[in-house]
Amino acid sequence: MPVYSMTGYASAQHSSATATPESESKSTAARRLGIEIRSVNSRFLDLSFRLPDELRSHEPALRERVMAQLKRGKVEVRAAIETTTSGSLAAPSPQLLQRVNSLQDSIKAWLPQAAPLSVADILRMASNEQAPTNDWADDVLPLADTVLQSLVAARQREGERLTTMLLGHLKQLRTLAEKALPLVPQLVEQQRQRFIERWKEAMALAEGATLPEAAQDRALTEATAFAIRIDVAEELTRLHSHLDEMERILKKGGEVGKRLDFLIQELHREANTMGSKSAALELTRISVDMKVLIEQMREQVQNVE
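Residues numbered from 1 in each chain as written. Predicted model: local features only at pLDDT ≥ 70, side-chain atom pairs only at ≥ 80, totals over all residues. Heavy atoms only, no water.

### Points about the overall build of the protein
So, point 1. In terms of regular secondary structure, the protein is built from nine helices and four strands.
So, point 2. Starting at the N terminus, the α and β elements of the protein follow one another as β-β-β-α-β-α-α-α-α-α-α-α-α.
So, point 3. Among the 305 residues that make up the protein, the fraction classed as buried is 37%.
So, point 4. For the protein, the share of sequence-separated contacts (at least 6 apart) that also reach a separation of at least 24 residues comes to 82%.
So, point 5. Surface exposure of the protein reaches about 18,000 Å², of which carbon and sulfur atoms provide 53%. (Helix = DSSP H or I, 4+ residues; strand = E, 2+ residues; numbered from the N terminus. Buried < 20%, exposed > 50% of the residue type's maximum accessible area, 1.4 Å probe, protein only. Contact = heavy atoms within 4.5 Å. Areas by Shrake-Rupley, 256 points an atom, 1.4 Å probe, with all protein chains shown as cover.)

Listed below in structure tokens is the structure:
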């Protein structure tokens, strides 16, 4: 299964043309239904609809279709109906003019400063009055299905891009872990040699006042404690395990966003522990580089469904 992003956009339109015999001259009124869906990342599926009154009754069916296709994301569904008239201008009917004139007189009585209607305003009202009404029942749902398919395809393409990027970051993390692994035995051996040298110096200064066995035991104990304190082998093992699991999840696909988010937190925890245990500048640099990569991955995983 592919990995889907929660970010995407798609739109489509459907037009219908109807003759308007009410006009003085022959003209054609075209009505266009447009639907667009956009989505961004969210922890859950958050739906919002902006529909004209003519389409309000279709919202439950639209909601059902969206929920069947999308599982996470903040999704906004917009629909609009536009009317354009070709041919001669629609002439306002006497009834419209009488009604508009009466309403304008009433408004002016209450709001003397209100601007009067222009000829363009009257013509626009006439065009809306004579515009045909459409029953969009047979068009809105198929059009919504088309837009949803385009949106899912867009989210899949973005998901493929995110997967490629995340797999690349996983490879870089493995490389850093491989660099860190041989550093720990080297550090332990260096510290062991340092403790032995200090022990020899202490023996030379003590001139036999301290038992050699007791001093040697103390040096070995401190060396052992240091080795345990800086040993990051366990952290590296867990880190490799998390990287393997992330790679497996990405290749399997599906709804993987929440699992990836959890694994990112675990990776960050191991990188932090490595940094806190670091006893060498090189290991500190590796830990910092790991945390930078993990933070970049966290930003990308936030967009995965």
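### A few points about the side chain of Glu305
So, point 1. Within the element layout of this structure, Glu305 appears in the segment after helix 9 (281-301).
So, point 2. With a relative accessible area of 5%, Glu305 lands in the buried category.

### Description of the packing of helix 4 (residues 137-180) against helix 7 (residues 233-252)
So, point 1. Two elements in contact, helix 4 and helix 7, have axes separated by 10 Å at closest approach and are oriented at 160 degrees. Our classification of the angle between helix 4 and helix 7 gives roughly antiparallel. Taken as a pair, helix 4 and helix 7 cross one another with a handedness that is left-handed. Here Thr163, Leu166, Leu167, Leu170, Leu173, Arg174, Ala177 and Ala180 of helix 4 lie close against helix 7, whose contacting residues are Leu236, Leu239, His240, Leu243, Asp244, Met246, Glu247 and Leu250. (Axes fitted to C-alpha atoms, helices over the stretch in contact; angles between N-to-C directions. Parallel < 35°, antiparallel > 145°, perpendicular 65-115°, else oblique. Left-handed = near helix turned anticlockwise from the far one by under 90°.)

### Focus: the packing of helix 1 (residues 59-69) against helix 4
Helix packing geometry: the angle between the two helix axes and the distance between the axes.
So, point 1. With their axes 11 Å apart at the nearest point, helix 1 and helix 4 run at an angle of 25 degrees to one another. As judged from the angle between their axes, helix 1 and helix 4 are roughly parallel. In this structure, helix 1 crosses over helix 4, and the sense of that crossing is right-handed. From helix 1, Ala61, Leu62, Arg65, Val66 and Gln69 reach across to helix 4, where they touch Leu141, Ala144, Asp145, Leu148 and Val152.
So, point 2. Counted by class, the contact of helix 1 with helix 4 contains seven nonpolar, one polar and two charged residues. (Nonpolar A, V, L, I, M, F, W, Y, C, P; charged D, E, K, R; others polar.)

Bear in mind that shape data such as this cannot, by itself, settle questions of function.
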